[in-house]
Amino acid sequence: MARTLQQLTIFVSGPDTVEAEKAALRVVVDEINRRSEKTHAVTLRVVGWPTDIRPGVNADAQSEIDHQIGSSFDIYVGILGSRFGTATSRHGSGTEEEFERSISRFRKDSTALRLLFYFKRDAEDPFSIDLSQLQRVLDFRQSLSGRGVLYRDVRDTADFTQLVRAYRRIDH
């Protein structure tokens, strides 16, 4: 008898400086799927910018991303490094806007969504860091604790990958 697979969608959010972590997440999810589809009848799907967003028109680019992603995801994964990202007309960056939409949804129904946030703290060339971007990341990071958000720091892509692989339980 064929089993029906439950699909959980993971929305990964972060500026282009964390593309390596986004790609690593997709690789780990593929590995998890090979096991979980057989053992738990669950499959995970990762969506995010730019891989899963097609061209479109809206009030602004972030509005089109928000429209295409919608609220049809089960897990939000936010990642920031030393760069906060490009401001939108509503928030300090697209990542912040995506996070705010997600936490608002969580506050309305805490069973509707899991939120995970990571800060990449790898050794970047200090002369290449945009200090205003870094300050925005630090301000955002500091604001999370007061909002009840528990986040994790990762050293680099390998550390992030190892941490994601360590999450053996799929619960929602």
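Data block above holds the structure.
Just so it is clear, the structure is predicted and the values come from calculations on it, not from any experiment. (Residues numbered from 1 in each chain as written. Predicted model: local features only at pLDDT ≥ 70, side-chain atom pairs only at ≥ 80, totals over all residues. Heavy atoms only, no water.)

Visitor: In this structure, what is going on with the packing of helix H1 (residues 19–39) against helix H5 (residues 157–166)? I would like to understand it.
Guide: A pair of packed helices is captured by two measures, namely the crossing angle of their axes and the spacing between those axes. Where H1 contacts H5, the two axes come as close as 10 Å, and the packing angle between them is 30°. In terms of their interaxial angle, H1 and H5 are classed as roughly parallel. When the axes of H1 and H5 are compared, the crossing they make is right-handed. Residues Ala20, Glu21, Ala24, Leu25, Val28 and Glu31 of H1 form the contact with H5, whose participating residues are Thr157, Phe160, Thr161, Val164 and Arg165. Of the residues assigned to the contact of H1 with H5, the class counts are six nonpolar, two polar and three charged. (Axes fitted to C-alpha atoms, helices over the stretch in contact; angles between N-to-C directions. Helix = DSSP H or I, 4+ residues; strand = E, 2+ residues; numbered from the N terminus. Parallel < 35°, antiparallel > 145°, perpendicular 65-115°, else oblique. Left-handed = near helix turned anticlockwise from the far one by under 90°. Contact = heavy atoms within 4.5 Å. Nonpolar A, V, L, I, M, F, W, Y, C, P; charged D, E, K, R; others polar.)

Visitor: Sorry if this is basic, but what is going on with the layout of surface pockets here?
Guide: Of the pockets and cavities examined, the largest pocket occupies roughly 440 Å³. Taken together, 28 residues line the largest pocket, and the ones lying closest to its centre are Trp49, Gln62, Ile65, Thr86 and Gly94. When residues of the lining of the largest pocket are traced back to their parent elements, those giving at least two are strand E1 (6–13), helix H2 (61–69) and helix H3 (94–108). At four residues, the largest contribution of residues to the lining of the largest pocket is made by H2. Broken down by class, the residue content of the lining of the largest pocket amounts to ten nonpolar, eleven polar and seven charged. (1 Å grid on protein atoms, 1.4 Å probe; cavity = no way out; pocket = protein on both sides within 12 Å on 5 of 7 lines; lining within 4 Å. Points joined across faces, edges and corners; volume = space filled by probe spheres on them.)

Visitor: Looking at this structure, how should I read H2?
Guide: Residues three or four positions apart in an α-helix share a direction because the helix packs 3.6 residues into each turn. Most of H2 sits inside the fold, with seven of its nine residues counted as buried. Of the surrounding elements, those touching the buried residues of H2 are E1, strand E2 (42–48) and H3. Its side-chain oxygen 3.2 Å from the backbone nitrogen of Gln62, Asp60 forms the N-cap of H2. Residue Gly70 follows H2 closely and has a positive phi angle near 60°. (Buried < 20%, exposed > 50% of the residue type's maximum accessible area, 1.4 Å probe, protein only. Polar contact = N/O pair within 3.5 Å; in protein donor to acceptor, adjacent residues only side chain to side chain.)

Visitor: Looking at this structure, how should I read the packing of H2 against H3?
Guide: Contact geometry for H2 and H3: axes closest at 11 Å, N-to-C directions at 40°. In the crossing of H2 with H3, the sense of the turn from one axis to the other is right-handed. Residues Gln62, Ile65 and Asp66 of H2 pack against Gly94, Glu97, Glu98 and Arg101 of H3. When grouped by side-chain class, the residues that make up the contact of H2 with H3 number one nonpolar, two polar and four charged.

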